[in-house]
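Summary of the model geometry
Listed below are the residues making up each chain.
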Amino acid sequence: VKKMSKSLNNHIGILDNPEDMFGKIMSIPDTLLVRYLTLLTNKSTHEITNINLAITNNELNPRDVKVELGQYLVNFFHDKQSSISAYEHFKTVFSKKEIPVNVPEKKVIANTKLVDWIVSESVLTSKKETIRLINQGGISIDGEKLADPHYLFEKNEILVKIGKRKFFKLVIK
């Protein structure tokens, strides 16, 4: 509905990691698919018109077009293997609702506030944004939604999910 822009935090950056880039493509509205294909690919007007017609006639699922576009862009800005991995990551996290295989592991000092760690690692830009996400149920620890914005790391090892796409295995020392 809104234009793509960095200030609205709905842009697809050319320096985004492959998983984020692919995930952002998959979340674009179906109504903008023709515009993205026109602006971001070298497909002819005829090809794009045929794709749009096939989607309109329910002969083609917009999801399949987004997968193709996502793989095309990740391959263009990264490489072929990254595009394959990004798609597999997307299927694991979103379609199967599983934890990805290659979760980054980070070391954290005991009794550190989660909010402080998220901002210090630049996962989110501010404490206010982090607290808002906690209040909306967008952060979970070991599969349980976090309700306490003052949560302190105490356990030996935890899995943190931030938003829909970011996972971290934290080892508390």
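Whatever comes next refers back to the structure up there.
Description of the structure in this document. (Residues numbered from 1 in each chain as written. Predicted model: local features only at pLDDT ≥ 70, side-chain atom pairs only at ≥ 80, totals over all residues. Heavy atoms only, no water.)

The subject of this paragraph is the side chain of Lys66. Residue placement: Lys66 occurs in helix α4 (residues 62-77). When sequence neighbours within four positions are dropped, the list of residues in contact with Lys66 reads Ile25, Met26, Ile28, Pro29, Asp30 and Leu33. (Helix = DSSP H or I, 4+ residues; strand = E, 2+ residues; numbered from the N terminus. Contact = heavy atoms within 4.5 Å.)

Right, let's get into helix α7 (residues 127-135). Among the residues making up α7, those that are buried are Glu129, Thr130, Leu133 and Ile134. The buried residues of α7 occupy an angular sector of 140° when the element is viewed end-on, so they sit on one face. For α7, the exposed residues lying more than 90 degrees away from the buried face are Lys128 and Asn135. Positive backbone phi, at 80°, marks Gly137, one or two positions downstream of α7. (Buried < 20%, exposed > 50% of the residue type's maximum accessible area, 1.4 Å probe, protein only. Arc of directions from axis to C-beta.)

Our focus in this paragraph is the packing of helix α2 (residues 33-40) against α4. Two quantities define a packed helix pair, namely the angle between the helix axes and the distance between the axes. Put simply, α2 and α4 touch, their axes get as near as 11 Å, and they point 25° apart. Considering their axes alone, α2 and α4 lie roughly parallel with respect to each other. Every pair of crossing elements has a handedness; the one defined by α2 and α4 is left-handed. Of the residues in α4, those touching α2 at Leu33, Tyr36, Leu37 and Leu40 are Pro62, Val65, Lys66, Leu69, Tyr72 and Leu73. When its residues are assigned to classes, the contact of α2 with α4 shows nine nonpolar, no polar and one charged. (Axes fitted to C-alpha atoms, helices over the stretch in contact; angles between N-to-C directions. Parallel < 35°, antiparallel > 145°, perpendicular 65-115°, else oblique. Left-handed = near helix turned anticlockwise from the far one by under 90°. Nonpolar A, V, L, I, M, F, W, Y, C, P; charged D, E, K, R; others polar.)

Take a nonpolar patch on the surface next. Judged by side-chain polarity, Ile14, Leu15, Phe76 and Phe77 come together as a nonpolar surface patch covering roughly 480 Å² of accessible area. Following the sequence through the fold, Phe76 ends up in helix α4. Phe76 sits in the exposed class, given a relative accessible area of 56%. (Patch = residues over 30% accessible without salt bridge, like charges linked within 9 Å, V, L, I, M, F, W, Y side chains within 5 Å. Areas by Shrake-Rupley, 256 points an atom, 1.4 Å probe, with all protein chains shown as cover. Salt bridge = Lys/Arg side-chain N within 4 Å of Asp/Glu carboxyl O.)

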